[in-house]
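A closer look at the structure
Next come the chains, spelled out residue by residue.
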Amino acid sequence: MILADFHTHTNYCDGKNTPEEMVLGAIERGMEAIGFTEHSYTPFDSRYCLTQEKTKQYIEDVRGLQQKYADRIKIYCGLELDSYAPIPAAGTFDFYIGSVHYVKFGEDYVVMDEGNDNLRRGAELHCGGDIYCIAEAYFERVVEAVRRCDAAIVGHFDVISKFQELDPIFDENHPRYKAAWRKTLDALIPMNKVFEVNVGAISRGKRTTPYPSSPILQEIWERGGKLLLTGDTHQKENLCFQFEHWAEEIGKMGIELRDYTVMF
Ligand SMILES: [Zn+2]
Ligand SMILES: [Zn+2]
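Here's what I pulled together on the structure shown here. (Residues numbered from 1 in each chain as written. Chains lettered and ligands numbered in written order. Predicted model: local features only at pLDDT ≥ 70, side-chain atom pairs only at ≥ 80, totals over all residues.)

Regarding the overall build of the protein
Scanning the protein for helices and strands turns up eight helices and nine strands. Taking 264 residues into account, the globule formula puts the C-alpha radius of gyration at 18 Å, and the protein, at 18 Å, falls close to it. By principal-axis analysis of the C-alpha atoms, the protein measures approximately 55 × 45 × 35 Å. Evaluated residue by residue, the protein yields a buried proportion of 46% over its 264 residues. Looking at the protein alone, contacts between residues at least 24 apart form 70% of all its contacts between residues at least 6 apart. (Helix = DSSP H or I, 4+ residues; strand = E, 2+ residues; numbered from the N terminus. Rg over C-alpha atoms; globule rule 2.2 N^0.38 Å. Buried ≥ 20, exposed ≤ 12 C-beta atoms within 10 Å, placed from the backbone. Contact = placed C-beta atoms within 7 Å.)

Examining the sheet that holds strand β9 (residues 226-230)
Spatially, β1-β2-β3-β4-β7-β8-β9 is the arrangement adopted by the seven strands of the open sheet, whose pairing is parallel. Two strands close off the open sheet at either side, each with one partner strand: β1 (4-5) and β9. Across two bridges, the pairing between β1 and strand β2 (residues 33-39) is parallel. Along β2, the bridge assignment pairs Ala4 with Ala33. Across the face of the sheet, helix α2 (residues 52-68) comes into contact with β2 and β3 (74-82) while running at roughly 155° to β3. (Pairing = 2+ DSSP bridges. Axes fitted to C-alpha atoms, helices over the stretch in contact; angles between N-to-C directions.)

Examining the environment of Ala247
Inspection of the secondary structure assignment puts Ala247 in helix α8 (residues 243-252). Distance from Ala247 to Leu257, taken between C-alpha atoms, is 7.1 Å for residues 10 residues apart in sequence. Ignoring sequence-local partners within four residues, the contact set of Ala247 consists of Met1, Leu229 and Leu257.

Describing the pairing of strand β6 (residues 108-111)
Bridge analysis of strand β5 (residues 102-105) against β6 gives four bridges, and the strand direction is antiparallel. Pairing of Phe105 across the sheet is with Asp108, part of β6. Between the antiparallel neighbours β5 and β6 lie two residues, among them Gly106 with a positive phi of about 60°.

Observations regarding the nonpolar core
Residues Tyr96, Ile134, Tyr138 and Ala151 are the most contacted members of the largest nonpolar core, which totals 73 residues. Ranked by residue count, the leading element in this core is helix α4 (residues 131-147), at 10 residues. Setting aside residues up to four positions removed in sequence, Ala151 forms contacts with Leu81, Tyr96, Ile97, Gly98, Ala145, Val146 and Lys193. (Core = buried A, V, L, I, M, F, W, Y, C linked by C-beta atoms within 7 Å.)

Side note on helix α1 (residues 19-28)
Within the sequence span of α1, burial applies to Pro19, Met22, Val23, Gly25 and Ala26. Angular distribution of buried residues about the axis of α1 spans 165°; they occupy a single face of the element. The inward-facing, buried residues of α1 abut β2, α2 and β3. (Arc of directions from axis to C-beta.)

Comments concerning the environment of Gly35
Relative to the helices and strands, Gly35 is located in strand β2. C-beta crowding within 10 Å serves as the criterion here: with 25 such atoms nearby, Gly35 is assigned to the buried category. As for Gly35 and Tyr96, which are separated by 61 residues in sequence, their C-alpha atoms are 9.9 Å apart. Leaving out residues up to four positions away in the same chain, Gly35 has contacts with Phe6, Thr8, Tyr76, Gly78 and Phe95.

As for the packing of α1 against α2
Two numbers describe how α1 lies on α2: the axes approach to 10 Å, and their chain directions differ by 35°. Where α1 crosses over α2, the two elements pack in a sense that is right-handed. Where α1 abuts α2, its residues Pro19, Glu20 and Val23 lie against Asp61, Val62 and Leu65. (Left-handed = near helix turned anticlockwise from the far one by under 90°.)

Spelled out as structure tokens, the structure:
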């Protein structure tokens, strides 16, 4: 198994380690490659994202490490680009993860991945209490997140389900929920993108399985989508977190995972 992690965060945002500590951790973990994907500058919510100034430093830092460690590990300078963030100039980054963290209703950004009370509030305020309307708006936005920047990786496809184990808020078998994600797959599959199988919520104790959920995984696979394990890693100890285990588990579903070289 080629070990590589293409969803990683550092202390430029909400991660614990410097990029160099992450690179050293990656070498120690036996990884062939690491992709840095810091949170894009997102002007309407500065809590976890790069500032414009830090974006420049981040790029310089990672580019420097690419040279310094060129003979030991492949390093890619990427960005997790939020669907409402400004798109950087072409050529600035090696690749993007296109991610939805908010859905905008009027001027209100409803946060998708910080607890289900945000979803409840959004549903009350904008959808007359209908939670499936939030899910439909979320999945519609996922298409835009990928299309607008030609992202290499579809970020945490069903992150809206992040807290389902701790605080169930909708029925994932509901026909409207299924129809919403299927419609998004209809748009994304022909775009030939890589879907991440993200274990970040497991390493942070929020879930016991990766997202996408297994019915979605199965369908992506059956429709010819490419699947790649990622860590959404916020500290060096969690690089390629349980990748061997999850590769085996997903293999038992008859699903074959790809490695990072599929992107380059
Ligand atoms: Zn994200
Ligand atoms: Zn992330």
